[in-house]
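Architecture at a glance
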Amino acid sequence: MTEDGRPTARIVPVAGRTPTPVMARLVESGKARLAVRPGYRPRTRPGDGGDRLSKALAVLRDEEMW
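What counts and how
Residues numbered from 1 in each chain as written. Predicted model: local features only at pLDDT ≥ 70, side-chain atom pairs only at ≥ 80, totals over all residues. Heavy atoms only, no water. Helix = DSSP H or I, 4+ residues; strand = E, 2+ residues; numbered from the N terminus. Rg over C-alpha atoms; globule rule 2.2 N^0.38 Å. Buried < 20%, exposed > 50% of the residue type's maximum accessible area, 1.4 Å probe, protein only. Areas by Shrake-Rupley, 256 points an atom, 1.4 Å probe, with all protein chains shown as cover. Lys, Arg positive; Asp, Glu negative; His and termini not counted. Charge placed at Lys NZ, Arg CZ, Asp CG, Glu CD. Expected span 1.5 Å × (residues − 1). Patch = residues over 30% accessible without salt bridge, like charges linked within 9 Å, V, L, I, M, F, W, Y side chains within 5 Å. Salt bridge = Lys/Arg side-chain N within 4 Å of Asp/Glu carboxyl O.

Digging into the overall build of the protein chain
Counting secondary structure elements, the protein chain contains 2 helices and 2 strands. Ordered by position from the N terminus, the helices and strands of the protein chain form the series β-β-α-α. Taking 66 residues into account, the globule formula puts the C-alpha radius of gyration at 11 Å, and the protein chain, at 23 Å, lies well above it. Across its three principal directions, the C-alpha atoms of the protein chain cover 55 × 45 × 20 Å. With 66 residues in all, the protein chain has 2% of them scored as buried. Accessible surface computed for the protein chain: about 7400 Å², of which carbon and sulfur atoms make up 56%. Looking at charge distribution, the protein chain has the averaged site of its 13 positive side-chain charges lying 15 Å from that of its 8 negative ones.

Next up, the structure:
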């Protein structure tokens, strides 16, 4: 890639590169812990059928100046 005729980036193949296991690295460093109950999802309160978040976001978007 070039910008104003000067090279700015080089695109090269990724063959031979192994992905970094991010979660394993975080656990090893002590910055994260593995889940005790993987897949567990706490119960949520029943909704009232309204979609207040979408309405609030729509109002905020309408107020933005483009």
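With respect to helix H2 (residues 52-63)
The end-to-end C-alpha separation of H2 is 17 Å, in line with the 16 Å expected for 12 residues at 1.5 Å each. Across the 12 residues that make up H2, only a small minority, 0, are buried.

Some details on unusual backbone geometry
In this model, aspartate 4 sits at a positive phi of 55°, which is unusual for a non-glycine residue. Of note, aspartate 4 is situated in the loop between strand S1 (2-3) and strand S2 (6-7).

Some remarks on a nonpolar patch on the surface
Together, Val22, Met23, Leu26, Val27 and Leu34 make up an exposed nonpolar region whose accessible area comes to about 410 Å². Here leucine 34 lies in the loop between helix H1 (22-29) and H2.

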